Amino acid sequence: VSRLANQPGELINRDKVIRFTFDGKPVEAYEGDTVGSALYADGRRTFSRSFKYHRRRGLLCCAGQCPNCIVAVDGAPGVRACTEPVREGMRVEHLNAQPGLELDVMRATDIVGGPFTPPGFYYKTFIRPRKLWPVYEKVLRHAAGLGVLPKQQPDREWRTEYRRRHADVLVVGGGTAGQRAASAAAERGEDVVLVDEGPVPIEPIPGVEILARASALGYFDGIVPVWQCDTLHQIRARNHVFATGAIEQPLVFAGNDLPGVMLSGGAVRLTELYAVSPGSRAVVATTSDHGLHAAAKLADAGVHIAAVADLRESRSAAAEQLSARGIEVLIGHQILEARGRTAVQAAVVGPIGVEGASVEKTFDCDLVVVSGGFAPAMSLLLQAGARTRYDAARGCFVLDELPPGVTAVGDVAGVDEAGADADAAAVAVPPPVAGAGHGKCFACLCEDVTAKDIKLSVEEGYDSIELSKRYTTVTMGPCQGRMCQLPAIRLMAKETGQSLEQVGTTTARPPWVSVPMGILAGRPFEPAKRSSIHGRHRELGANIKWAGDWRRAYDYGDPQAEALAVHRAAGLIDVSTLGKLLVRGPDAGEFLDRLYPNRFSDLKPGRIRYGVISSDAGRIVDDGTICRIDDDTFYVTTTSSGAGAVEEWFSWWLADWRMRVQLTDLTQGLSAVNLAGPRARDILAELTDLDCSPEAFKYLDGKQANVAGVPCLILRIGFVGEVGYEIHFAAAYGEHVWDALMEAGRDKGIRPFGLEPQRILRLQKMHILVGQDTDSESTPFGAAMPWIVKLDKDADFIGKWALEHYAEEEPATRLVGFTLPNGHVPTEGAVVMDAAGAPVGQVTSSRFSPVLDRVIGMAWVPSPLASDGSQVTISDEGTTMRAEVQTRPFYDPDGEVLRS
Amino acid sequence: VSLTFLSPAAADPSAVARSPMERKAKAAGARFEARDGWNVAVEYPGEDKVPGTVAWADVSHLRKLELQGEGVSGELGEARREGDAWICRLTPTRALLIGGEHTPPPDAVEVTTCFAALTIFGPQAREVIARFCALDLRPQVAPPGSFRPGSIARQPGMIIVEDTDRFLLLFGWAVGEYMWTVVDDAARSLDGGPVGFGALKKND
């Protein structure tokens, strides 16, 4: 009904009709329309309900700057109708109104709730009784907000993409100035990316990649994320040119949020780009010629201009031209009120500085066009480190200093698109608020913050713009301060008596435009390390879980039976996740002597020694075994979770000490399996020519041999307490070696076992898990390993000074084993209490041991209780129980099985 | 005890070496052949129909050696071609030798299975890599023969620019399956697909 005849430069294709629905009702549009222009042409004036008061809101800027037309498209909320192109079959729905957009019951908060809903009312009103908060929260969340994300989102299949782009120059803003800057840079031979969010296509520029309909979201230390459709471009450029333009400001007056109140730029865009008449009879209020030019364009399009209120004190040439066309131009006048029930029906205009009904004029109209001047769109520049100052002549903040590598051009720099300096003298600074007393005067349309709210915040002590922002939430809505920052600053200055310079601006923060979370999340991939035997574990039905950054077989369905199989026959576990470092060079032995509290330089080739890495403070940070390969080469294993940290720790000290050592991280390059159990030797012997007899291959020997034709390093160690062989080999043979061992053990009762049975088995031996049985305070002395600290070493070593100190003191607590006769398996982390019920320690590990048929565990207890037979009390989630301390391993305490 | 256990080449012919991406390649329909002890994907169904946008091939079987000592040569950021091999300097005293079949220096450490590898090639190769890697691979910045260690899909890795539109990616063996998934996802969205060793050789 509002469609105009052909307009020069219109973007619509009248030959192609697009059909979509709004709240289920069919709407016809033309190709090139936005949802907003199509709905407006269809006669719709209310596009949304406001955040707090649920007031009607209509098109305001038609440029994606304001919050007034936010809708849901195909279930995705937060879409601005005024910039969203129409697509065939799209499903558009209103947000935040029940039962419907035309009748919203929450409007009651506006009609009767005003006095009860000042800023921060939720902090004051919903705090008692405290137990009702969950109910309050539910009600508040339901009442407020900008749409609901569907709980089930089948359309999550839509693809989001990250794309990294490096460039010599990034130009943000595709207006005249931006295009000119991009073209100039390209002509200099630079690699240029131009980002533009406008609806008007940009002609290709040689040497420039143009990202059209794309928005720069922020500036992060030189990286500018740019959202374009389903892609987030992460652009790293050496130089940044911001041609972000200036944003037309609204005026603050009574009823300034009524549908039919429109920025002059919005009214003109609707007319010129989409050939939609914004109204039939308009009142225009402006602080510059911009509004006058808009009035002329609207008049050209057939809109009757009832009156123009020019806030300036002198009549400009543009005003003269309007008068010559018979349009009433009221110089020195401002708009005081927009009246209407569901949309604008009249506007009240009065002279500035003179109050009273006698001087006010009321005009019937269905459109109020306002232009409160322009504020440079500086947010991205401010995020990049630019500084601003207040320009009194223009009535806004302008750029003052720019960081290196950042340039501002065009309107944002105070130079209009035609290239001439903006005519500051031709601009009037509007009063902070006009028409107070006639109704609500909104400073912030996103958050429904009125001029009165700002005043109240100051009265309550929030007298800086940053505090007021947090209290009233002004500038915190979807417009990100585009429409409200300057009015809020003006109001703050008025209420505090400060100058605008003194009030200053709020901190600019990303994102500069609303962006779907899915775009920020990108593709949902999570890095995972998998051993080369992982596929076999899956085929065997393993229960796979995260273990650090690895995916590991936790068990194969029956951890107790798997543990028993290790005791009774043989078990095979994939331990490829262990850290593996090759330390080579003439100084390798001395290097390790400096890193560990015990000695390695005297370790014989082919032998293995256990080592604990301590920090400078003598605390345990990791452990593992070290096998000496030859005089200059050591093979170091670490815990799975500590592999990366230990490699960094070694590298760091190597760089500092400058020793003749090379470090190679083999963690991912080698697979490793632990074959353990009474039949392990037989199984291994079937696959190798190596003499596996106990005499030839002793406990803590390291030997190289082929296993199933694959060269392996075989370490005879016993983390799980049975005769065991840790077999290390090139990862490419993971499945081959695993399969060969399983096949060779098939008639000997071999079973794969996972992480959980391994934890049972190692607990039976009281072998610690660093990070579980130890924490950042644990020392080798407290952890029952004083024997590992060789304070008589010639060489200094990391943590020596601290360990010398600890050696002279009785540790307050010690790590011990315990058994529980009542069969209850306490939670890891359960509290060890003293006689008075005070916490004095904690349980670190606990399991039921199937081979011992009892509950066992490890705990830190006070040193006086750290002796065999002592009784301690464990409190576990309300249950207390008596446990008996044991200081020696529960299984094979003398290591006879291990060494057999 | 020696370091022979690091070397896949020292295994008996009966033992088959496998890439960490083999199961992914199988799922994509690859046909395998034994090549120098490795099970190598030589062909994929319909690989000739992969349009001339982007393709990728698993080349994890390429030999990799870490050269150590003061004699290591080469410039930082540069991959030097020596016969069929690339030599990339990692630090003043360490370099990585990739490919080639010549006898390794005595001090070299075999690290073949420390790094899985993919070759990504085609006009859209750079665009595919940009989907998961922030390294600057523009031709004017990284011409053929460039070596770029850095983060690839949030994992430590290295990229060698083998030719204008051809890149060799090296990353941890244990993240092979993850990396295949990432590359597959990015490349397929640009109409790419995996190709076998044969197609890769044709591109040489």
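Keep in mind the model is a prediction, meaning the values are calculated, not measured.

*Asks:* Just to check I follow, could you spell out helix α19 (residues 680–687) of chain A for this structure?
*Replies:* Residues lying three or four places apart along an α-helix face the same way, a consequence of the helix completing one turn every 3.6 residues. Regarding α19 of chain A, the residues found buried are Ala680, Arg681, Ile683, Leu684 and Leu687 of chain A. The arc that holds every buried residue of α19 of chain A, seen down its axis, measures 160°, which confines them to one face.

*Asks:* Sorry if this is basic, but what is going on with a negative patch on the surface here?
*Replies:* A contiguous patch of negative charge on the surface is contributed by Asp796, Glu804, Glu808 and Glu809 of chain A. Following the sequence through the fold, glutamate 808 of chain A ends up in the loop between α22 (800–807) and β43 (813–820).

*Asks:* What should I look at first to understand the interface of chain B and chain A in this one?
*Replies:* The extent of an interface is frequently quoted as the accessible surface area lost upon association of the parts. Taken together, the 54 residues of chain B in the interface contact 56 residues of chain A. For the pair chain B and chain A, the summed buried surface comes to about 4300 Å²; carbon and sulfur atoms form 53% of the total. With a shortest N-O distance of 3.2 Å, arginine 131 of chain B and glutamate 161 of chain A are connected by a salt bridge. Scanning the region where chain B abuts chain A turns up 28 residue pairs in polar contact (both at pLDDT 80 or more). Only β4 (64–68), β8 (109–110), α2 (125–130) and α3 (176–188) of chain B provide two or more residues apiece to the side of chain B that touches chain A. No other element matches α3 of chain B, which puts six residues into the side of chain B that touches chain A. Looking at the side of chain B that touches chain A residue by residue, the classes come out as 27 nonpolar, 13 polar and 14 charged.

*Asks:* Can you help me understand the environment of phenylalanine 171 of chain B in this one?
*Replies:* All names here are of chain B. With respect to the element layout, phenylalanine 171 can be found in strand β12 (residues 166–172). The buried category is assigned to phenylalanine 171, whose relative accessible area is 0%. Separated by 16 residues in sequence, phenylalanine 171 and glutamine 155 have C-alpha atoms that sit 7.4 Å apart. With near-sequence residues (within four places) excluded, phenylalanine 171 lies in contact with Met21, Cys114, Phe115, Ala116, Ala117, Leu118, Pro156, Gly157, Gly176 and Met179.

*Asks:* Where do I start with the pattern of salt bridges in this structure?
*Replies:* Side chains that differ in sign of charge can pair as their charged atoms come close. All names here are of chain A. Taken as a whole and assessed by the stated rule, the structure comprises 75 salt bridges over all chains. A salt bridge links arginine 107 to aspartate 110; its shortest N-O distance comes to 2.8 Å. For aspartate 110, a relative accessible area of 7% translates into the label buried. Here arginine 679 makes a salt bridge to aspartate 682, at a shortest N to O gap of 2.9 Å. Owing to a relative accessible area of 30%, arginine 679 belongs among the partly exposed residues under this scheme. Exposure remark for aspartate 682: the relative accessible area of 34% places this residue in the partly exposed category.

*Asks:* Just checking my understanding: could you explain the side chain of serine 264 of chain A for this structure?
*Replies:* Residue and element names in this part refer to chain A. Take serine 264: it is sitting in helix α6 (residues 264–274). The class of serine 264 is buried, set by a relative accessible area of 0%. Excluding residues within four positions of it along the chain, serine 264 makes contact with Glu248, His290, Gly291, Ala294, Val369, Val370 and Ser371.

Rules used in this analysis
- Residues numbered from 1 in each chain as written.
- Chains lettered and ligands numbered in written order.
- Predicted model: local features only at pLDDT ≥ 70, side-chain atom pairs only at ≥ 80, totals over all residues.
- Heavy atoms only, no water.
- Buried < 20%, exposed > 50% of the residue type's maximum accessible area, 1.4 Å probe, protein only.
- Helix = DSSP H or I, 4+ residues; strand = E, 2+ residues; numbered from the N terminus.
- Arc of directions from axis to C-beta.
- Patch = residues over 30% accessible without salt bridge, like charges linked within 9 Å, V, L, I, M, F, W, Y side chains within 5 Å.
- Areas by Shrake-Rupley, 256 points an atom, 1.4 Å probe, with all protein chains shown as cover.
- Salt bridge = Lys/Arg side-chain N within 4 Å of Asp/Glu carboxyl O.
- Lys, Arg positive; Asp, Glu negative; His and termini not counted.
- Charge placed at Lys NZ, Arg CZ, Asp CG, Glu CD.
- Contact = heavy atoms within 4.5 Å.
- Buried area = accessible area lost by both parts, 1.4 Å probe.
- Polar contact = N/O pair within 3.5 Å; in protein donor to acceptor, adjacent residues only side chain to side chain.
- Nonpolar A, V, L, I, M, F, W, Y, C, P; charged D, E, K, R; others polar.

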